[in-house]
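# Close look at the chain arrangement
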Amino acid sequence: MSTLYGRILRDLIEENYKEKEEEGQCGFRAGRSCTDNVFTLKQVIEKRSARNLETHLTFVDLQKAYDPVPFADDQVIVANDKDDMQYMIQKLIEEYKEWGLIVNIAKTKYLCVGTHSLENLELGNGQEILQCQEYEYLGITFDNTGTDAKEIEKRIVKAKKVIGALNGILWSKEISKKRKFNIYEAMVKRTLLYGSETWRISERHKKRVEAVEMDAIRRSMRISRRKIIRNDTIKQRMGLEGTITQDIEKKQLTWYGHVERMSNTRWPKRILHW
């Protein structure tokens with residue numbers, strides 16, 4: 001009964017709060033996720049880079065963030081150039097003061113994509129926001145190259161660490177193949193492919209991702225690299241079909257369909273057709 005009451009209360013709150021919510025607030029909202037914002041930001045960078053345009057980003061950190069105000073603590077400001085960014089940040093800081101919020105200048109970072117400039121962002125009051133070469137936003141790494149290379153490499157490293165931590169389990173004779181498969185899907189694959197629906201992945205990185213997958217599968221089947229057995233054969237024994245790169249393509253197609261079904265007012269759809 002308490003669960004039912006909780007759901008009814010949640011639905012009422014969501015319905016009443018819907019009109020007050022900002023488009024950029026995607027976390028903890030029905031039908032939305034952090035992927036919305038990650039995809040939007042990547043599309044902005046990619047499409048501006050294709051036109052040889054710089055993209056200036058400032059990742060804002062707040063010292064105080066309260067639920068009653070319509071601001072999120074994970075914010076990014078996008079501007080055409082440094083001058084625009086300086087003006088926008090100064091106005092944002094002034095607006096925050098009206099709400100009783102303080103920008104943590106030390107943790108707020110400035111990232112430039114498409115330029116080799118290393119200048120910090122001056123605020124005109126003796127303070128400055130330091131420029132960085134990369135920043136992790138909503139769990140995804142953005143860097144000054146504007147590509148996903150570093151993010152994919154980090155995913156590979158994290159997945160390898162998971163495989164290493166699970167080594168005893170994967171090589172175990174006592175654990176069934178089905179259970180190992182479930183462990184692989186839940187822990188290794190999920191870690192490796194986090195955010196992959198928005199990846200721009202090269203052939204080189206496809207091979208690197210597939211190598212990580214095969215490492216986990218070989219251990220699960222107790223087949224060392226010294227044994228010359230084709231990967232396809234090992235996958236068949238494990239009960240796997242297709243490749244992990246095909247899984248990435250499916251995730252991306254599913255995401256594309258999700259974006260296309262969005263309202264024309266939603267940021268992901270607007271930037272996709274920009």
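Below is a short write-up of the structure. Just so you know, these numbers come straight off a predicted model, no measurement behind them. (Residues numbered from 1 in each chain as written. Predicted model: local features only at pLDDT ≥ 70, side-chain atom pairs only at ≥ 80, totals over all residues. Heavy atoms only, no water.)

### Let's talk about the packing of aromatic side chains
The criterion, for reference: Only centres within 6.5 Å qualify two rings of Phe, Tyr or Trp (six-membered ring in Trp) as a pair; their planes then separate them into stacked at under 30 degrees, edge-to-face at over 60, and tilted for everything else. Helix and strand definitions here come from DSSP, where helices need a minimum of 4 consecutive H or I residues and strands a minimum of 2 consecutive E residues; each element is numbered from the N-terminal end.
One pass over the structure, following the stated rule, counts four aromatic pairs. Both rings, one in Phe59 and one in Tyr137, keep their centres 5.6 Å apart while their planes meet at 50°; by these two values the pair is tilted. Linking Phe59 in strand S1 (residues 55-60) with Tyr137 in strand S6 (residues 134-137), this pair joins segments that are 78 residues apart in sequence. Ring pairs connect the aromatic residues Phe59, Tyr135, Tyr137 and Phe142, which therefore count as one cluster.

### Digging into the pairing of S6
We count it as follows: At least two DSSP bridges between two strands are required for those strands to pair.
In this sheet, strand S7 (residues 140-143) lies alongside S6 in antiparallel orientation, the contact comprising four bridges. Among the inter-strand pairings, Tyr137 is bridged to a residue of S7, identified as Ile140. What sits between S6 and S7 in their antiparallel hairpin is a turn of two residues, with Leu138 showing a positive phi close to 55°.

### Quick look at a negative patch on the surface
For clarity, the threshold we go by: Each patch is built from residues lacking any salt bridge and having more than 30% relative accessible area; the joining distance is 9 Å for like charges and 5 Å for nonpolar side chains (Val, Leu, Ile, Met, Phe, Trp, Tyr). The accessible surface values rely on the Shrake-Rupley method and a 1.4 Å probe; as for residues, cover is taken only from the protein chains in view. Any Lys or Arg side-chain nitrogen found within 4 Å of a carboxyl oxygen on Asp or Glu counts as a salt bridge. By the counting scheme adopted, Arg and Lys are positive, Glu and Asp are negative, and His together with the chain ends is not counted. Where a charge lies is defined by one atom per residue type, namely NZ (Lys), CZ (Arg), CG (Asp) and CD (Glu).
Judged by side-chain charge, Glu54, Asp81, Asp83 and Asp84 come together as a negatively charged surface patch. Tracing the backbone shows Asp83 in helix H3 (residues 82-98).

### Quick notes on unusual backbone geometry
Spelled out, the test is: Burial status follows relative accessibility: with a 1.4 Å probe on protein chains alone, a residue under 20% of its type maximum counts as buried, one over 50% as exposed, and anything between as partly exposed.
One non-glycine residue, Asn52, lies in the positive phi region at around 60°. Within the fold, Asn52 resides in the loop between helix H2 (34-50) and S1. Assessed through its relative accessible area of 73%, Asn52 is described here as exposed. In this model, Leu138 sits at a positive phi of 55°, which is unusual for a non-glycine residue. Along the chain, the position of Leu138 falls in the loop between S6 and S7. Note on Leu138: relative accessible area 17%, which makes it buried.

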